[in-house]
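A look at the structure
This is what each chain is made of:
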Amino acid sequence: MKLKVTLFLLFSCGFYSFAQENLTYQKPSKSILDLADYQRAPTVSMDTKKENMLLMYRNTYKTLDDLNQDEVRLAGLRINPVTNISSTVTYINNLKLRKINAKEEIQVAGLPENPKITNILWSPNDKRILFSHTANSGVELWVIDITAAQATKLTTATVNANLGNPFSWFSDSETILVKMLPKNKQPLLDSKKDLPTGPIVSNTSGEKSQNRTYPDMLKNKNDEANFESSITSELYKVKLNGDAVLFKEAAMYAGERISPDGNYIMLTTIHKPFSYVVPLNRFPLKTTVYDVKGKEIKVVNEVPLNEIMPKGFMAVQKGKREMSWRNDKPATLCFVTALDEGNPANKVDFRDEVFLWDAPFDKDPSSLVKTPQRFDGITWGNENLAVLKDEWYDTRNTKTYLIDPSNPSQLPKVITDRNSQDAYSDPGTFETRKNEYNKYVLAIEKENLYRIGDGFTKEGQFPFIDEFDFKTLKTKRIYTSSYKDKKEEILEIEDFKSGKVLVQIQSKTEYPNYYFRNIKKQNSLTPITTFKNPFESIKDVSKEVIKYKRKDGLELSGTLYLPAGYDKAKKEKLPLLIWAYPAEYKDRNSASQTTQNSNEFTFPYYGSFVYWVTKGYVVLDDAAFPIIGEGTTEPNDNFISQLVDNAAAAIDAVDALGYINRKKVAVGGHSYGAFMTANLLTHSNLFACGIARSGAYNRTLTPFGFQTEQRNYWEVPEVYNTMSPFMNADKMKTPLLLVHGEADNNPGTFTLQTERYFQALKGLGAPARMVILPKESHGYAAKENILHLLWEQDQFLEKYLKN
């Protein structure tokens, strides 16, 4: 399907006109285009034993034609009503296999014509791989035989993928549980053509319910009918020869989980009444356990419509939640209930209680443990060992405990108690491996567990592996990456006795590749992949992480890029581009830390200014913009002043190095970074211009919170108003390029935000340009739009900054 689109552009004073400009798609200058128009390397997926790997290829970008498909927006979903899969999915277009210890890549034979592949799923025994293919009329289920490198179609185009991955392996690796469209499925109703039979009426009960601004909600009875039709499926058991047997009749299935021993299936279904103010995950739910023959064993949970929630990020629903199978047991459910009625404002000794419930559920659930803070997950080990986590957002505290599941009377042992934002104290994540049920559990070696950590320190990043004795609670470091010119990421421990570890290594100019490292042998490194650098034209660009201080003494950082060949002795004064995204903290220590690594591969993409280092600009990427509120002070209480201080510190730091003309500085950001950009141009004279993409500029349109702000507008109207660029549009005099996707699907950043802000700027005589990218959501995907975006930014910077 050929699509001709005219970009919608509007100008305010200082630009070419006061009205729309009819402009066809443009491409950026050659140095930027050469970087942007590249072929991405394949994504890699390895089997459990690290014997075979799947190489998944896809186009670098989608096309506008890909975005121009039929779409309905229902209860937070965006789906294609013809193919019955998400309209936002990114497809793989080729698959290859490779033995990990060999170099030859084997093309998977028998793939569908014009493959549109997603939902990759290895079988429990690692001998086969499932995937879905989206044909013109719908979604098909396919399987790959690893040994033969052969793909085979298992079903017709009747798979229902509207709620995500539509299939699950049974433990025998021979049978698949598949969601299929009902045979009597009717076409969706057309709300635009059908005349309404009455008005749309909503009521409140008088209870407070501080819901955020969700996109794509149901709006009328037709939407309700279309939602029900779209997510209703029949469940089938499909064999590898294609034989299919109906397992359960049609219902709105929203979750299918098979017990570790394969003898039970837990099914969650959505029920009416639906809501017009919250998405589908808060609709009424019913969870029932069946045996493998489809016989009902027990209704284990029923959740009513959940439109009423207390305020705060730690608010949760009443009743059972987070119900899942225990990975180290044949068929035991684990679930959590709130002891504070789900309300963070209630003062209690324990926030949550965790329960266990053994199939066939003829006895009551048994209490396992109570948590002082909000439950944050369990990693199961064995009968006597598991790792429990809880957290509390307001204090940023997170704790990790050892528990004995066989002895609930034994108090949990605290093994970490830390600030969740303190990257330097992060002890890492416990390593897991598959057990006899092919489920991941703690990797236990004698009396030891193992933790893999990112290894951020004040001196740099040095990933590590720790051995943790769960009897003595003592930790021993058994490996630390020593690279100072590369970045190493430890992915998985393959053999605890021999010391074989899977890692990924990269440098500024070396593309990330996989290796086996033997941590018991010095310099023992075996390459697995050899992906090449597609950005050779910037290999000589200077890149370093610089550290500097804000005027209050807070240490900040950013990644500084200088053009290739820049003479640091002569120090030509160049224009500076700053790209940033604010982050909120409750303490100065965490806010001052850096998680940037100058040895990370330089990967230019539309989400930064790095392209412009080829055009003679200095670029400070990912500049730190912490917003701190200690004690009873919230970060946003002093948002504007801290924002300006962060920007001034960044400019001062690069200026002190002698590289820039401080009168030629621009700032940019996406989403909350766009909000930051508009505020910086409004409340400071530090910048010559700015670029704000897909932001929200009027906080009264997000009255029940935004980003990490938990207070509502009526509690702190001065905070909302002061932070809103729209409310201060009369102060904005600096050239601003506003960009937004036509179909933004992010809560709070509706396209209307940019349109209304531009209208305010235009009406008040501020210099602004607005570009609406057709068909795009919050993140941009189509090649035509991305290349045009780069052209827009390039033209804007040349006019208002460089020249």
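Everything that follows concerns the structure shown earlier in this document.
Residues numbered from 1 in each chain as written. Predicted model: local features only at pLDDT ≥ 70, side-chain atom pairs only at ≥ 80, totals over all residues. Heavy atoms only, no water.

Some remarks on empty space enclosed by the protein
Tallied over the entire structure, the rule returns 2 cavities of 30 Å³ or more. Forming the boundary of the largest cavity are Leu 368, Val 369, Ile 403, Asp 404, Asn 407, Pro 408, Gln 410 and Pro 412. For the lining of the largest cavity, the class distribution of residues is 5 nonpolar, 2 polar and 1 charged. Looking at the second largest cavity, its volume works out to about 30 Å³. In this structure, the second largest cavity is lined by Asn 160, Asn 162, Leu 163, Lys 179, Ser 230, Ile 231, Ser 233 and Tyr 253. For the lining of the second largest cavity, the residue count by class is 3 nonpolar, 4 polar and 1 charged. (1 Å grid on protein atoms, 1.4 Å probe; cavity = no way out; pocket = protein on both sides within 12 Å on 5 of 7 lines; lining within 4 Å. Points joined across faces, edges and corners; volume = space filled by probe spheres on them. Nonpolar A, V, L, I, M, F, W, Y, C, P; charged D, E, K, R; others polar.)

Structural notes on unusual backbone geometry
Note that the residue after Lys 272, namely Pro 273, is joined by a cis bond; omega there is 5°. Position of Pro 273 among the secondary structure elements: in the loop between β19 (264-270) and β20 (285-291). Following Ala 359, the chain continues into Pro 360 via a peptide bond in cis, with omega recorded as 10°. Mapping Pro 360 onto the fold places it in the loop between β24 (352-358) and β25 (366-371). A positive phi is found at Lys 446, a non-glycine position, where the angle reads about 55°. Locating Lys 446 in the fold gives a position in the loop between β32 (440-442) and β33 (448-453). The class of Lys 446 is exposed, set by a relative accessible area of 81%. For Asp 622, which is not a glycine, the phi torsion comes out positive at approximately 50°. (Helix = DSSP H or I, 4+ residues; strand = E, 2+ residues; numbered from the N terminus. Buried < 20%, exposed > 50% of the residue type's maximum accessible area, 1.4 Å probe, protein only.)

Let's talk about the environment of Ser 31
Checked against the element boundaries, Ser 31 lands in helix α1 (residues 30-36). Overall, the relative accessible area of 25% leaves Ser 31 in the partly exposed class. Taking the C-alpha atoms as reference, Ser 31 lies 35 Å from Gly 765; in sequence the two are 734 residues apart. Setting aside chain neighbours within four positions, we find Ser 31 in contact with Thr 614 and Lys 615. At 3.0 Å, the side chain of Ser 31 and the side chain of Thr 614 are in polar contact. (Contact = heavy atoms within 4.5 Å. Polar contact = N/O pair within 3.5 Å; in protein donor to acceptor, adjacent residues only side chain to side chain.)

Quick word on the sheet that holds strand β7 (residues 85-86)
The strand order across the open sheet formed by 3 strands is β5-β6-β7, and the pairing between neighbours is antiparallel. Because the sheet does not close on itself, it has two edges, and the strands there are β5 (72-74) and β7. Judged from the 3 bridges that link them, β5 and strand β6 (residues 77-80) form a sheet pairing that is antiparallel. Its bridge partner being in β6, Leu 74 is matched across the sheet by Leu 77. Strands in contact with helix α3 (residues 221-231) are β5 and β6; relative to β5, the strand with the most contacts, it is inclined by about 95°. (Pairing = 2+ DSSP bridges. Axes fitted to C-alpha atoms, helices over the stretch in contact; angles between N-to-C directions.)

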